[in-house]
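# Coordinates in review
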Amino acid sequence: MSAPLDVARIKKDFPLLDVEVDGRPIVYLDSANSTQKPRAVIDAMSRFMETSYAPINRSAYRLAAEATEAYEGARTKAQRFINAPRAHELIFTKNATEGLNLVAYSWGRANLHEGDVVVLTHMEHHANVVPWHILASERDIELRWVPLTSDGQLDLTDLDQLLDGAKAFAFTAMSNVLGTINPVRHLADAAHAAGALAIVDGCQFVPHNPTDVQAMDVDFFAFSSHKLCGPTGLGVLWGREALLEAMPPFLGGGNMIADVRLDGFTPAVLPDKFEAGTPPITEAIGFGAALDYLNDLGMANVRRHEMAMAGYALTMLNERFGADITIHGPTNLEVRGATVSFAFRDLHPHDVSQVLDQSNVYVRAGHHCAKPLMRQLGVAATCRASFYVYNDTADADALADALDGAADIFGP
Amino acid sequence: MPGLEDLYREIILDHYRNPRNRGELEAPPAVRSEGFNPLCGDEVQVFLAVRGGVVEDIRIAGQGCSISQSSASMMSQAVKGKSIGEARALLGAFKSMMSIEDAGEDGTDDEDGAPEPGVKMGDLEALQGVVKYPVRIKCATLAWNTLAQGLDEADQGDPSTN
C-alpha cells in the first residue's frame, strides 16, 4: 500500500519547518501542544487583512458584508469537518478550554445542583477538570473519576456504577499525554443510558482523526484551531441545538443580544447568543483555510499516517533503548495516536528535553496540564514527542539519535 | 554533548546524583515550606530547624530535574549553620547571580538593594551557567524561593529573633 501522505511535499508547505537554528534544521515534535502553520493558512489570513478585512455583523457596506460571509463560511467549513447537523450549533470560542468552561458555566449552573454528580476520567486535561472543580466548590456537586488500566486506557469495569445518577460525563476523545483514543460512542451510549449528557473534549482528537459528532452521538464537543494547522485564538464548541437554546448566555456584551433595555436584555439567537464582542475574524478565515488544507490531505489519510508513525516510533525506540526507555500509553495502534510520552532512564524530562534541544529536536517536557494523570502514572512529568502530518520516520530517528546524547552528559 | 558544559557542570551532576541533606524533619518543631514549579511539575519541600536565629539543620524533599535538585542540595549545604540574616544574604546573592533583581514579589525584597558584598558563593557559582538558559532559571531558584518562605515563617515562630 502506498504511503497515506507525501510527507516530503507536506514539509514544504510549512515555512517554519525551513527555519534553521545554529545552522541546522529543526525537528518539530510538539504538535500535540500546537501545530505549525501551512503557507495556505498564513496567506489566507494575510490576504484577508490586506484586501477584505472589515468588522462583521454590524455594518451595511459591502466589505463588511463580505467579511461576515467569510466568517460564517468558516463556521460552515467547521460544521462539515465534524459532520454537525446545523452550522448555528457551532460556537466560536477562544479555544477548547473556553468551550469546556462555557459548558460548565452555562449548562452546569443552570442544571447542576447540590448533590448532583459529574463523572470525569483520570486522563483529562486540566481544561476538563478545573471548570468542574470550580463548579463543585460553588455548588457542592460530586465529581467521580473513571480510572485507567495499566496500559493507559479507560478502565470501564465500573463505568455503569460510576454513571449511576450522574447528570454529565465529561471525557476526552483522545489523551494529550498517552495518545489513547477513547471509544467515544460507547462512552456516550453509557452516559445516555444513565440519563447523563456526554460532554467531549475533542481538542486532541479532531486534528488526527475523521470526526463525526452525529455518529459519536455526543451532546457537547469542543476543539481548537491551533492544534490543527490553524491560528491561535479560536476554538469551536459544538452543542445540540436544544441544549444551547435552553442555556443562559455565557459572556455578555455586544453581538450576543437581540435587545437591551434599562431593565434587562434579550439574548440573540444561536450562534450569536454565545459570541459576545468582536470575534477573532481573521483567525476564523485562517481556521477555514486550515480545514481546507486538512481536507485536501484527507483525514482518513492523516489517521493512517499517524498510526504508521506511532508504530514506527514505538518499535524503533524500544529496539534501540530497551530497558532505558518506558513509553506510556497503549501499545495497540488501533486505540492510540502518534502522541508518545516516555521516560528515559531515570532522567528528569526537563533534562532530557534540554539535551534534545541541543540537537534541535523539540519535544514537550512537563505535566502536560494533566497533573491528576501524572499522579496516576507515579511521575512528576514526562517527555512527549508528538508527530503530525509533516513528520516522518527520519524525525523519529532524529529523536533517538538525540537521546543518545543524554548518555554523554549523564553517564552510561 | 557540545554546548551544554556550562549548564551541566560536574559539580552540579554530583549534587544531583548524591543530594546532600536529603530527607525530612519533624514539623513542628521544624518549619516546613513547599514550592512548586507549575510549568514542569517540579516540587520541593524545605524543612528548617531554627534555634536562636540560626539554621541548625535543614532537609530537602521533593523531586525535580538535575538543576532544581542540585540547586536545592547546594543551598542546603550553604545555609546550614548560618544565621537567618546570613541565609537571607545568600538568597539575595544567589538571586542576583540568576539576574533576578526585582525580587519583591516572593518576599525576598531587600530594602537595602543589592546583597552585601563579600557573600561567599562557593559551589553555588557552578549554577551561574544556568543564566544562559532562561527557561531553567526557575528550576534553579525553586528551592531558594521555598527557603525564603521557610525563613519568613521561622522568623515569626522564633521568639529569640526579633
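First, a word on scope: everything that follows refers to the structure included in this document. Fair warning: this is a prediction, and the values are worked out from it, not measured in the lab.

## With respect to the overall build of chain B
- What chain B contains, in helices and strands, is four helices and three strands.
- Ordered by position from the N terminus, the helices and strands of chain B form the series α-β-β-β-α-α-α.
- For chain B, buried positions account for 50% of its 162 residues.
- If you sum the accessible surface of chain B, you get close to 7600 Å²; carbon and sulfur atoms cover 48% of it.

## A short note on the side chain of H350(A)
- You can see H350(A) is positioned in helix α12 (residues 349-358).
- When residues no more than four places from it in sequence are discounted, the contact partners of H350(A) are A365(A), C40(B), C65(B), R136(B), K138(B) and C139(B).

## Observations regarding the sheet that holds strand β6 (residues 142-146) of chain A
All names here are of chain A.
- Ordered by their spatial adjacency, seven strands build an open sheet running β4-β10-β9-β8-β7-β5-β6, and the pairing between neighbours is mixed. The open sheet has two edge strands with one neighbour each: β4 (90-93) and β6. Averaged over all neighbouring strand pairs, the angle between strand axes comes to 20°, with direction disregarded.
- In this sheet, strand β8 (residues 197-201) lies alongside strand β7 (residues 166-172) in parallel orientation, the contact comprising five bridges. If you follow A168 over to β8, its bridge partner there is L197.
- The sheet contacts of helix α5 (residues 130-139) involve β5 (117-121), β6, β7 and β8, and relative to β6 the element is tilted by about 150°.

## Describing a nonpolar patch on the surface
Residues and elements named next belong to chain A.
- On the surface, a cluster of nonpolar side chains totalling about 250 Å² of accessible area is made up of I257, V260 and F265.
- Counting through the fold element by element, V260 comes out in strand β11 (residues 257-261).
- V260 sits in the exposed class, given a relative accessible area of 53%.

## Remarks on the sheet that holds strand β14 (residues 339-344) of chain A
All names here are of chain A.
- The strand order across the open sheet formed by four strands is β13-β14-β17-β16, and the pairing between neighbours is antiparallel. Edge positions in the sheet fall to β13 (325-327) and β16 (364-366), since each of these pairs with one other strand and no more. With strand direction ignored, the average angle separating the axes of adjacent strands in the sheet is 30°.
- In this fold α12 packs onto β14, β16 and β17 (382-386), with an angle of close to 45° to the strand it touches most, β17.

## Comments concerning the packing of helix α2 (residues 39-52) of chain A against helix α3 (residues 62-81) of chain A
Residue and element names in this part refer to chain A.
- At a minimum axis distance of 11 Å, the contact between α2 and α3 shows a crossing angle of 160°. Judged by the angle between their axes, α2 and α3 are roughly antiparallel. The hand of the α2/α3 crossing is left-handed. Between α2, through F48, T51 and S52, and α3, the contact on the second element is made entirely by L63, A67 and A70.

## Things to note about the environment of P4(A)
Residues and elements named next belong to chain A.
- Structurally, P4 is set in the segment before α1 (7-12).
- Among the residues examined, P4 registers a relative accessible area of 22% and is labelled partly exposed.
- Beyond its immediate sequence surroundings of up to four residues, P4 is in contact with N301, R304 and H305.

Reading guide: rules and limits
Residues numbered from 1 in each chain as written. Chains lettered and ligands numbered in written order. Predicted model: local features only at pLDDT ≥ 70, side-chain atom pairs only at ≥ 80, totals over all residues. Heavy atoms only, no water. Helix = DSSP H or I, 4+ residues; strand = E, 2+ residues; numbered from the N terminus. Buried < 20%, exposed > 50% of the residue type's maximum accessible area, 1.4 Å probe, protein only. Areas by Shrake-Rupley, 256 points an atom, 1.4 Å probe, with all protein chains shown as cover. Contact = heavy atoms within 4.5 Å. Pairing = 2+ DSSP bridges. Axes fitted to C-alpha atoms, helices over the stretch in contact; angles between N-to-C directions. Patch = residues over 30% accessible without salt bridge, like charges linked within 9 Å, V, L, I, M, F, W, Y side chains within 5 Å. Salt bridge = Lys/Arg side-chain N within 4 Å of Asp/Glu carboxyl O. Parallel < 35°, antiparallel > 145°, perpendicular 65-115°, else oblique. Left-handed = near helix turned anticlockwise from the far one by under 90°.

Nothing here speaks to function; it is geometry throughout.
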